[in-house]
Amino acid sequence: MISKHILLAVSGGIAAYKAAELVRLLRKQAFDVRVVMTKSAQAFISPLTFQALSGHPVGTQLLDENQEHVMGHINLARWADSVLVAPATANCIAKFSHGLSDDLVSTLVLAATCPVFVAPAMNQAMWNKAVTQENVTRLNRDGFRFIGPATGEQACGEIGYGRMAEPPVICETLSQFFSREEGELSGKKVLISAGPTREPIDPVRFITNRSSGKMGFALAEAAIEAGAIVTLVSGPVALAPPLNCRIINVESAAQMHEAVIAVAPGSDVYIGAAAVADYSPNANQPEKIKKNETTLILELFKTRDILADVAAFQEQRPFTVGFAAETHDLERYAKDKLAKKNLDMIAANWVGKDQGGFDRDQNALQVYWKGGEKHLEMTDKSQLARQLIKLIAEKMNEKNTT
Ligand code: PMT
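Note on numbering: residues in each chain are counted from 1, in written sequence order. In keeping with the predicted nature of the model, local features appear solely for residues at pLDDT of at least 70, side-chain atom pairs appear and are counted solely at 80 or more, and the whole-chain, interface and lining totals rest on all residues. Remark: hydrogens and water are excluded; side-chain values derive from all non-hydrogen atoms of the structure.

**Re unusual backbone geometry**
Part 1 of the argument: Of note, the bond from Ala-86 into Pro-87 is cis; its omega dihedral lies within 30 degrees of zero at -5 degrees.
Part 2 of the argument: In this description a helix means any DSSP run of H or I spanning at least four residues, a strand means any run of E spanning at least two, and both kinds are numbered starting from the N terminus. Its location among the elements puts Pro-87 in strand β3 (residues 82–88).
Part 3 of the argument: Following Gly-148, the chain continues to Pro-149 via a peptide bond in cis, the omega torsion being 10 degrees.
Part 4 of the argument: Although it is not a glycine, Asn-342 sits at a positive phi angle of roughly 55 degrees.
Part 5 of the argument: Here Asn-342 lies in the loop between α13 (330–340) and β17 (345–350).
Part 6 of the argument: Here the term buried applies to any residue with accessible area under 20% of the maximum for its type, exposed to any over 50%, and partly exposed to those in between, with areas from a 1.4 Å probe on protein chains only. Asn-342 gets classed as partly exposed once you look at its relative accessible area, which sits at 47%.

**Description of the pattern of salt bridges**
Part 1 of the argument: Note on definitions: salt bridges are taken to be side-chain nitrogens of Lys or Arg within 4 Å of carboxyl oxygens of Asp or Glu. Counted under the stated rule, the structure contains 18 salt bridges.
Part 2 of the argument: The shortest N-O distance in the salt bridge between Arg-198 and Glu-251 comes to 4.0 Å. Placement of the pair is Arg-198 in the loop between β8 (189–194) and β9 (199–202) and Glu-251 in the loop between β12 (245–249) and α11 (253–263), with a sequence separation of 53 residues.
Part 3 of the argument: The class of Glu-251 is partly exposed, set by a relative accessible area of 39%.
Part 4 of the argument: Lys-395 is the partner of Glu-398 in a salt bridge, and the nearest nitrogen-oxygen pair spans 3.2 Å. Placement of both Glu-398 and Lys-395 in helix α14 (residues 381–401) is noted, with a separation of 3 residues, approximately one turn of the helix.
Part 5 of the argument: According to the relative accessible area criterion, Glu-398 is partly exposed, its value standing at 39%.
Part 6 of the argument: Within the structure, one salt-bridge network assembled from shared partners comprises Lys-18, Arg-163 and Glu-166.

**Looking at the domain arrangement of the chain**
Part 1 of the argument: Each domain's limits were defined by an automated method or a database of domain assignments. Splitting the chain by domain gives domain 1 (5–178) and domain 2 (184–400).
Part 2 of the argument: Put simply, the middle of domain 1 and the middle of domain 2, counted by C-alpha atoms, are 34 Å apart.
Part 3 of the argument: We call two residues in contact whenever any of their non-hydrogen atoms come within 4.5 Å of each other. With 10 residues of domain 1 in contact, the opposing surface of domain 2 contributes 7 residues.
Part 4 of the argument: In total, domain 1 and domain 2 occlude about 880 Å² of area from one another, counting both sides; carbon and sulfur atoms represent 47% of this.
Part 5 of the argument: Accessible-area loss on putting two parts together, using a 1.4 Å probe and summing over both, is the definition of buried area adopted here. Ranking the residues of domain 1 by area buried against domain 2 places Asn-140, Arg-141 and Arg-145 at the top, with a combined share of 57%.
Part 6 of the argument: Polar contacts, as used here, are pairs of N or O atoms within 3.5 Å; protein pairs need one atom able to donate a hydrogen and one able to accept it. Residues neighboring in sequence count only if both atoms are side-chain atoms. Where domain 1 meets domain 2, there are 3 residue pairs in polar contact (both at pLDDT 80 or more).
Part 7 of the argument: Looking at the side of domain 1 that touches domain 2, the elements with two or more residues in it are α8 (130–141) and α9 (167–178).

**A few points about the state of the cysteines**
Part 1 of the argument: We call a pair of cysteine sulfur atoms a disulfide whenever their separation is within 2.5 Å. Tallied over the full model, the rule gives 0 disulfides.
Part 2 of the argument: Free of any disulfide, Cys-171 has its nearest cysteine sulfur in Cys-114, 17 Å distant.

**Let's talk about the site of the ligand**
Part 1 of the argument: Being near a molecule or strand, for a residue, means having at least one of its heavy atoms within 4 Å of it. Close to the ligand lie 30 residues, the nearest being Ser-212, Gly-272, Lys-337, Asn-349 and Asp-359.
Part 2 of the argument: Between the ligand and Thr-303 there is a distance of 3.0 Å, counted from a nitrogen atom to a side-chain nitrogen or oxygen.
Part 3 of the argument: The Shrake-Rupley method, run with a 1.4 Å probe, gives the accessible areas here. Residue values count only the displayed protein chains as cover. For the ligand, the accessible surface in isolation is 770 Å², of which the surrounding protein chains cover 96%.
Part 4 of the argument: If you list the elements that add at least two residues to the shell around the ligand, you get α10 (214–225), α12 (306–311) and β16 (319–326).
Part 5 of the argument: Per-element accounting of the shell around the ligand gives the leading share, 5 residues, to β16.
Part 6 of the argument: Residues are grouped as follows: nonpolar covers Ala, Val, Leu, Ile, Met, Phe, Trp, Tyr, Cys and Pro; charged covers Asp, Glu, Lys and Arg; every other residue, Gly included, is treated as polar. Among the residues forming the shell around the ligand, the class breakdown is 12 nonpolar, 9 polar and 9 charged.

**Quick look at the packing of helix α1 (residues 16–28) against α9**
Part 1 of the argument: Interaxial angle, 0 to 180 degrees, is taken between N-to-C directions of lines fitted to C-alpha atoms, where a helix line uses only the stretch in contact. For the pair α1 and α9, the least separation of the axes is 9 Å and the interaxial angle reads 40 degrees. Judged on the interaxial angle alone, α9 and α1 are oblique. Viewed along their axes, α1 and α9 form a crossing whose handedness is right-handed. Contacts from Lys-18, Glu-21, Leu-22, Leu-25 and Leu-26 of α1 reach α9 at Pro-167, Pro-168, Ile-170, Cys-171 and Leu-174. With respect to orientation, any angle under 35 degrees is reported as roughly parallel, any angle over 145 as roughly antiparallel, any angle of 65 to 115 as roughly perpendicular, and every other angle as oblique. We call a crossing left-handed when the near helix sits turned anticlockwise from the far one by less than a right angle, and right-handed when that turn is clockwise.

Written as structure tokens, this is what we have:
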């Protein structure tokens, strides 16, 4: 039975009425819920509604005469096992991203040391604005966990991303988050790279590969299931991000390098499942290349090897797992990468015509580590990912106890 404390922060959007249903669902899952509201949220729904549904007084003021002698806002932040901001307006997200604390909700979020979940709700144009996306990217990097937004018809009549995720989805995300404490990677921080990279040739063209991200995303799901706290650094893919996963979206090999190297030092495991470009035009070409010549020669430069750079960490080196995608001599190349890049483990897959690997739902892996190997049969990537995560947990424990 879950008996965690959820501090629900309601901000001022039309979706505020859905927060009442959310409180009911969370309490049904045995969460203890306390509610705080912004001033504008109170224009949409009354604090009394939340008081009745949560069974607790509702916080609306930063400086509460009844609470301040015990630093009410700080105490509430300490009480929470998780803060959930639903709905979260564009204004709220901007405040969190800039560290503002001029009301109870923003102060609590700034003071919170527990996981903060954010369920955005706003007009689709506001969600798509570059400044909002920059705020979201920054918060993602700081460890905030976004749930949604969903797409569909909005209260304003427009259609697009910006609808608050439905209360059952938000409730399920929190239940899953708190019930994952039992798995083989319980509490471990796992960093996974997934998908392809795009190397710009000019402002409209790029070099890429056939990776769909399915293998990396399946590994993220499996690691979450095993109790891990997962960060997924993903190239451009058409997949929905797993629940309970911090996701950092990147495009180029250089951006992926920067994101992985920033997060890797705090991670217990790094799995490099991304198909990172080995070479890039490294282009700083401001204009579209014109079709004037009969031939065009592109000069390509070797990209930095993310996996080798993580494995070379002198301090805080995560258990480092690489992938090898080969069309021939699978074993020889995989073992070579394992040794040369100083990895703890490598998962090798055949790629190319009629093989698993790229852009398929199924795959098979030949896994090597120093002194051992294991074949994982052709199966769905989700099933395969569970087997690989189990093996990683096993070998990591062996390494830590020897
Ligand atoms: O995404 P899917 O469609 O599901 O396909 C899955 C997959 C085939 C992409 C996946 O299973 C896989 O094999 N990923 C690694 C692909 C690859 O780039 O392999 P490689 O042998 O070229 O590279 C070896 C390792 O070095 C990989 O872990 C790669 O992430 C890493 N690398 C490569 C270049 C670089 N600059 N930095 C790196 O970290």
